[in-house]
2 protein chains.
Amino acid sequence: MATLYLIPVPLGPVSPDTCLPLDTLAVARRLDHFVVERAKTARAHLKAMGHPLPIQSLQIEELNEHTPAAAIPLLLAPLKAGHDVGLLSEAGCPAVADPGSALVMAAHRENIPVVPLIGPSSILLALMASGLGGQRFAFHGYLPAREPERGQKIRELEKAARRDRATQLFIETPYRSAALLDALATALSPDSTISVGADLSLPGQLVQTRSAKGWRGCTDAVRDKLVVFGIGV
Amino acid sequence: MATLYLIPVPLGPVSPDTCLPLDTLAVARRLDHFVVERAKTARAHLKAMGHPLPIQSLQIEELNEHTPAAAIPLLLAPLKAGHDVGLLSEAGCPAVADPGSALVMAAHRENIPVVPLIGPSSILLALMASGLGGQRFAFHGYLPAREPERGQKIRELEKAARRDRATQLFIETPYRSAALLDALATALSPDSTISVGADLSLPGQLVQTRSAKGWRGCTDAVRDKLVVFGIGV
């Protein structure tokens, strides 16, 4: 039966040949039907992955924040017609923090086989590199952008880290990351731990874990970087 | 400066050449100092990864549940002497659900650079394949083995999934996985969603997402498989 393959792509402008396993590359090169977050970047990813067909000849449908829910089952049409389909997000692993999970769920409802492939995830790389441990952990996406909600959420995460003995992970966009690290370094107990993973698997990668007080005055290190933060106690 | 590399290994008996990126394989083959969860399996992994040196000539130290905390800083000695060190767990990504994170934290304390490499994670593959979405998610390790604690925890996770709109992930050993799926199918609201990811990236891989009531009577599918479960509402 036709299969929905979940195909990771690099986390930035590096060669897919060095950061994706052969199995992942082989599936991406074999397919000619794709559902992607944005067609333009997907074409660039597929070209960089060495897809053997003219990229313009591939059937590429978009699934993103603009896609109405009613359109999602239609994206399964090629699968029902017997064609394997590859799902790609803008960066990293699809169907994690992007709208692709709705397609995966629709496939499960129709008993279409789903195969996740191996590749880079900034969340997982940040967790490994943090030293905070992942026996138990939680990922929260973005924190609220404004005070007092942001400070409240930070204190809530510190409480959860202590209560559940669980690493608390979240992300921040480049233009807000230094301000968030400032807020964390100030709002957390001085001995709580803050880990930073930025530009993971890319040139300019930054990986550092310190106490909250150890970060005070050093928060410029993450300025203009996409950061995965971790909190542990 | 010498660097601590976090080196993923395959999730089971498959070739590292097809499931690990070239960058990861290249680092593993270049190093001659390793800290590993169990020396015997690490030697087998390094051999399968095509390490060019006689495996017996590599310096391999163990870090596992028997290692006293006081011994961990000693494992940094090769790094302080200028040798890069590779950290390996039994399967998948190191320093997530294994004692390796203590070494990563010790390295951060000494300002030793830490570089996480790309490879397979059963938690992440299960999350991708679940269709439940990872905008927010939590991983809980193992649930309590006995009732009434297990049932209590299941209901608590369902509540957290609803309250936080977050996918709840946990694992179970092969000999208990069918019993846990039975308990989930019974204890959860009939329309809550249960995803199952077993033997991920291996032959015999099982990926399936259904409602709690859809799983009733079908829980034998996961018998004797190591399963990552997901709950969504």
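As the structure is a computational prediction, the values presented were derived from the model and not from experiment.

**Observations concerning the overall build of chain A**
Now for step 1: Across its full length, chain A carries 9 helices and 10 strands.
Now for step 2: On the principal axes, the C-alpha backbone points of chain A span a range of 60 × 35 × 30 Å.
Now for step 3: Expressed as a percentage of contacts within chain A between residues at least 6 apart in sequence, the contacts between residues at least 24 apart total 75%.

**Topic: the interface of chain B and chain A**
Quoted interface sizes are often the accessible area lost when the parts come together.
Now for step 1: Counting residues at the interface gives 45 residues for chain B, matched by 45 residues for chain A.
Now for step 2: For the side of chain B that touches chain A, the secondary structure elements donating two or more residues are α1 (16–19), α2 (22–30), α5 (101–109), β5 (114–116), α6 (122–130), β6 (137–142) and β9 (206–211) of chain B.
Now for step 3: When strand β6 (residues 137–142) of chain A meets β6(B), the two strands line up antiparallel, connected through 3 bridges. In the strand pairing of β6(B), F137(A) is matched with F139(B).

**Quick look at the nonpolar core**
Soluble globular proteins: nonpolar side chains tend toward being buried together.
Now for step 1: Grouped together as the largest cluster of nonpolar side chains are 142 residues, with contacts concentrated most on L87(A), L169(A), L87(B) and L169(B).
Now for step 2: Look past the residues within four positions of L169(B) in its chain and what remains in contact with it is I123(B), A126(B), L127(B), F137(B), A138(B), F139(B), H140(B), V228(B), F229(B) and G230(B).

**Let's talk about the sheet that holds strand β2 (residues 33–36) of chain B**
Now for step 1: Read across the sheet, 5 strands follow the order β3-β2-β4-β1-β5 (chain B) without closing on themselves; strand pairing throughout is parallel. With one partner strand each, in any of the chains shown, β3 (59–62) and β5 of chain B form the two edges of the open sheet. Neighbour-to-neighbour, the strand axes of this sheet turn through a mean angle of 25°, independent of strand direction.
Now for step 2: The pairing of strand β1 (residues 4–6) of chain B with strand β4 (residues 85–88) of chain B spans 3 bridges and is classified as parallel. Paired with L6(B) across the two strands is L87(B), which belongs to β4(B).
Now for step 3: Sheet strands in contact with helix α6 (residues 122–130) of chain A are β1 and β5 of chain B, and its direction is about 145° off that of β5(B).

**Notes on the sheet that holds strand β1 (residues 4–6) of chain A**
Residues and elements named next belong to chain A.
Now for step 1: Strand order in the open sheet formed by 5 strands is β3-β2-β4-β1-β5, and the pairing between neighbours is parallel. Every interior strand has two partners, whereas the edge strands, β3 (59–62) and β5 (114–116), have only one. On average, each strand axis in the sheet is inclined to that of its neighbour by 25°, with strand direction left out of account.
Now for step 2: As defined by bridge partners, β1 adjoins β5 across 3 bridges and the pair is classed as parallel. The residue of β5 that forms the bridge with Y5 is V115.

**A few points about helix α8 (residues 177–187) of chain B**
Now for step 1: Taken as a whole, α8(B) has its buried residues at S177(B), L180(B), L181(B), L184(B) and A185(B). Taken down its axis, α8(B) places every buried residue within 135° of arc, on the same side.

**With respect to the relation of the copies chain B and chain A**
Now for step 1: When chain B is fitted to chain A, the best match, at an RMSD of 0.0 Å, comes from turning it 180° and sliding it 0.0 Å along the axis. When the rotation and shift are considered jointly, the pair of chain copies conforms to a two-fold rotation axis.
Now for step 2: When the interface residues of chain B are mapped onto chain A, 100% of them again fall at the interface, so both copies present the same face.

**Examining the domain arrangement of chain A**
All names here are of chain A.
Now for step 1: Each assigned domain of chain A is listed here: domain 1 (4–116) and domain 2 (122–232).
Now for step 2: Its C-alpha centre places domain 1 at a distance of 30 Å from the equivalent point of domain 2.
Now for step 3: Facing the 6 residues of domain 1 at the interface are 6 residues of domain 2.
Now for step 4: Across the side of domain 1 that touches domain 2, the residue classes tally to 4 nonpolar, 2 polar and no charged.

**Regarding helix α3 (residues 39–48) of chain A**
Residue and element names in this part refer to chain A.
Now for step 1: Restricting attention to buried positions, one finds in α3 the residues A42, H45 and L46. Axial view of α3: buried residues confined to an arc of 95°, hence all on one face. Of the residues in α3, the exposed ones pointing more than 90 degrees away from the buried face are K40 and K47.
Now for step 2: Buried residues along α3 sit in contact with α2 (22–30), β2 (33–36), β3 and β4 (85–88).
Now for step 3: Backbone geometry just after α3 places G50 at a positive phi near 80°.

**Focus on the confidence of the model for chain A**
Now for step 1: Mean pLDDT over chain A works out to 96, with 100% of the residues at or above the 70 mark.
Now for step 2: As a predicted assembly, this complex carries a pTM of 0.97 together with an ipTM value of 0.97.

**What to know about the packing of helix α7 (residues 149–164) of chain B against α8(B)**
All names here are of chain B.
Now for step 1: One can describe the packing of α7 onto α8 by two numbers: an axis separation of 10 Å at closest approach and a directional angle of 55°. With respect to each other, α7 and α8 are oriented oblique. As α7 runs across α8, the sense of the crossing is right-handed. Within the contact between the two elements, α7 uses R150, G151, I154 and R155 and α8 uses A183, L184 and A187.
Now for step 2: The class makeup of the residues in the contact of α7 with α8 is 4 nonpolar, 1 polar and 2 charged.

**Quick look at unusual backbone geometry**
Now for step 1: Put simply, E147(A) and P148(A) share a cis peptide bond, and its omega is 5°.
Now for step 2: Among the secondary structure elements, P148(A) is positioned in the loop between β6 and α7 (149–164).
Now for step 3: Of note in the backbone geometry, N111(A) takes a positive phi value of approximately 55° without being a glycine.
Now for step 4: Among the secondary structure elements, N111(A) is positioned in the loop between α5 (101–109) and β5.
Now for step 5: Positive phi, normally seen in glycine, also occurs at D224(B), with a value near 65°.
Now for step 6: With respect to the helices, strands and loops of the structure, D224(B) is situated in the loop between α9 (212–215) and β10 (227–232).

So, how was this worked out
- Residues numbered from 1 in each chain as written.
- Chains lettered and ligands numbered in written order.
- Predicted model: local features only at pLDDT ≥ 70, side-chain atom pairs only at ≥ 80, totals over all residues.
- Helix = DSSP H or I, 4+ residues; strand = E, 2+ residues; numbered from the N terminus.
- Contact = placed C-beta atoms within 7 Å.
- Pairing = 2+ DSSP bridges.
- Core = buried A, V, L, I, M, F, W, Y, C linked by C-beta atoms within 7 Å.
- Buried ≥ 20, exposed ≤ 12 C-beta atoms within 10 Å, placed from the backbone.
- Axes fitted to C-alpha atoms, helices over the stretch in contact; angles between N-to-C directions.
- Arc of directions from axis to C-beta.
- Least-squares fit on C-alpha atoms with pLDDT ≥ 70 in both.
- Domains from an automatic or database assignment.
- Nonpolar A, V, L, I, M, F, W, Y, C, P; charged D, E, K, R; others polar.
- pLDDT = per-residue confidence, 0-100.
- Parallel < 35°, antiparallel > 145°, perpendicular 65-115°, else oblique.
- Left-handed = near helix turned anticlockwise from the far one by under 90°.

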